[in-house]
Amino acid sequence: GSSAPISAHKVFSFNRSASPHQAPAPALVPLHFLHPCSLEEIHAGPTGTESVLVAISLSQPSFPRLTTLDIYTRFLFCPDFLPALERCPALVTLRIRSAFTDSPAKPSMAPIPSGILPALNIYHGPVHLAEYFATGRPIRIFKLWSSMRASSVVNPSKLIPILRQLGPQVEVLEIGVTTVPSFLIDAIAGNFPKLKELAINSHLSSYQPGIVTSHRTHTRFQPAITIGQEPSLLNLDSLSFGVQIPANIPVGSVQYEEHGLDLLQMFPVSYNPTAWNQWVIDLNWSKIIWNRLPENGSIGTESLGRLSMEHVEYHSAVFHSHSSD
């Protein structure tokens, strides 16, 4: 049968809606890329991923300049997945999203053969699939969450065996966990000696759709923070974590800044992500960010840092289809 010609030269997006109310695609839409040699990014939604993977796998020639592939989990186990990846030798960023209806259950999947995706540098997707892509690849950035939903938050004990598989070259790690016990910090420090950026539950600050108001506060300089115990200290340039600050503290007030500073100084000993000791995910989250300043901003041997706080508020629901990611 005939296929739809895709004339995109650099970026192609297909069926990106992630609304839980959309109807499933009636049938596979055959696609044909006219300019595979110049495409740099391909993004496909839940009902578009399979069509895109089939088209990539059948394409002649391959995609020598494609650096970003953004797809949905449910088609990772279709027969066209590995053949499609083989056509993308320059891929740097792989983004794997979860749809509302996807099961978080761990699938049985073999590691991706070592000759595929040799340039992969950024894995952004489900925590339970990371190890399949990590084997034999120098991935420096792991964003171990697939959606802004509570399903991307895991028990820390389940994270430990996965972290061990990611390799010592990791420099940026983003995770979603219910708590931050000392054994998790020890495992992060012990497995990732080059780690420079750590984000814990930071992605939850973007959860709900709607009209967004964002507040950003910069406050006083702080000495370098110490995380973990000797000998497993983390020497980070950036730390961020998501929290739900009690509603009686006005956003942007001095009290708000002082609360953020207290949370930072106590992290991770008393880190409790939610103000109510329970995971009420769809309430507003704040993100607390500590960034190390350049070495010339140091007092004695301690380099200084800047505390930032980001708070996002959602005012009213939107009725057209939207993405949760």
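Given the structure is predicted, the values throughout are model-derived calculations rather than measurements.

A. Structural context of the overall build of the protein chain. Scanning the protein chain from N- to C-terminus turns up 6 helices and 15 strands. Counting over 325 residues, the protein chain shows a buried share of 51%. Sequence separation of at least 24 residues holds for 75% of the intrachain contacts in the protein chain that already meet a minimum separation of 6. Only carbon and sulfur atoms are counted for the fraction: they give 55% of the accessible area of the protein chain, which is about 15,100 Å².

B. Quick peek at the environment of Leu173. Counting through the fold element by element, Leu173 comes out in strand β9 (residues 172-175). Note on Leu173: relative accessible area 0%, which makes it buried.

C. Broad picture of unusual backbone geometry. Between Gln60 and Pro61 the backbone carries a cis peptide bond, its omega angle lying at 0°. Assignment of secondary structure puts Pro61 in the loop between α1 (49-58) and β5 (68-72). If you check the backbone angles, Leu117 has positive phi at about 55° while not being a glycine. Mapped onto the elements of the fold, Leu117 is located in the loop between β6 (93-97) and β7 (122-124). Phi angles above zero are rare outside glycine, and Asn201 is one such case at about 60°. Along the chain, Asn201 falls in the loop between β10 (197-200) and β11 (212-223). Judged by relative accessible area, Asn201 falls into the buried class, the value being 0%.

D. Region of interest: the packing of aromatic side chains. This model, assessed by the stated rule, comprises 9 aromatic pairs. Through a chain of ring-to-ring contacts, three or more aromatic side chains come together here, namely Phe12, Phe14, Phe33 and Phe63.

E. Region of the structure containing the environment of Lys287. Topologically, Lys287 is positioned in strand β13 (residues 286-292). When its relative accessible area of 18% is taken as the criterion, Lys287 is described as buried. Between the alpha carbons of Lys287 and Met309 there is a distance of 5.6 Å; along the sequence they are 22 residues apart.

F. Spatial organisation of the environment of Gly48. Summarising the element assignment, Gly48 is placed in the loop between β4 (41-44) and α1. Dropping the residues within four chain positions of it, Gly48 is found in contact with Phe14 and Asn15.

G. Representation of the pairing of strand β12 (residues 238-243) in the model. By the criterion of burial, β12 is predominantly enclosed, with 6 of the 6 residues buried. Of the two faces of β12, both are covered, the one formed by Ser238, Ser240 and Gly242 as well as the one formed by Leu239, Phe241 and Val243. Where β12 meets β13, 6 bridges bridge the pair, whose relative direction is antiparallel. If you follow Phe241 over to β13, its bridge partner there is Ile288.

H. Looking closely at the pairing of β10. Inspection of the sheet shows β9 paired to β10 by 4 bridges, in the parallel sense. Of the residues in β10, the one forming a bridge with Leu173 is Leu198. In terms of handedness, the path from β9 via helix α5 (residues 182-191) over to β10 forms a crossover that is right-handed.

I. Structural detail: helix α6 (residues 254-266). Here α6 is 13 residues long and its end C-alpha atoms lie 18 Å apart, about the 18 Å a rise of 1.5 Å per residue gives. Residues of α6 that are buried: Tyr256, Glu257, Gly260, Leu261 and Leu264. Looking straight down α6, one finds its buried side chains confined to an arc of 135°; they lie on one side.

Conventions we followed
- Residues numbered from 1 in each chain as written.
- Predicted model: local features only at pLDDT ≥ 70, side-chain atom pairs only at ≥ 80, totals over all residues.
- Heavy atoms only, no water.
- Helix = DSSP H or I, 4+ residues; strand = E, 2+ residues; numbered from the N terminus.
- Buried < 20%, exposed > 50% of the residue type's maximum accessible area, 1.4 Å probe, protein only.
- Contact = heavy atoms within 4.5 Å.
- Areas by Shrake-Rupley, 256 points an atom, 1.4 Å probe, with all protein chains shown as cover.
- Phe/Tyr/Trp six-rings, centres within 6.5 Å; stacked < 30°, edge-to-face > 60°.
- Pairing = 2+ DSSP bridges.
- Right-handed = clockwise from strand over helix to strand, strands pointing away.
- Expected span 1.5 Å × (residues − 1).
- Arc of directions from axis to C-beta.

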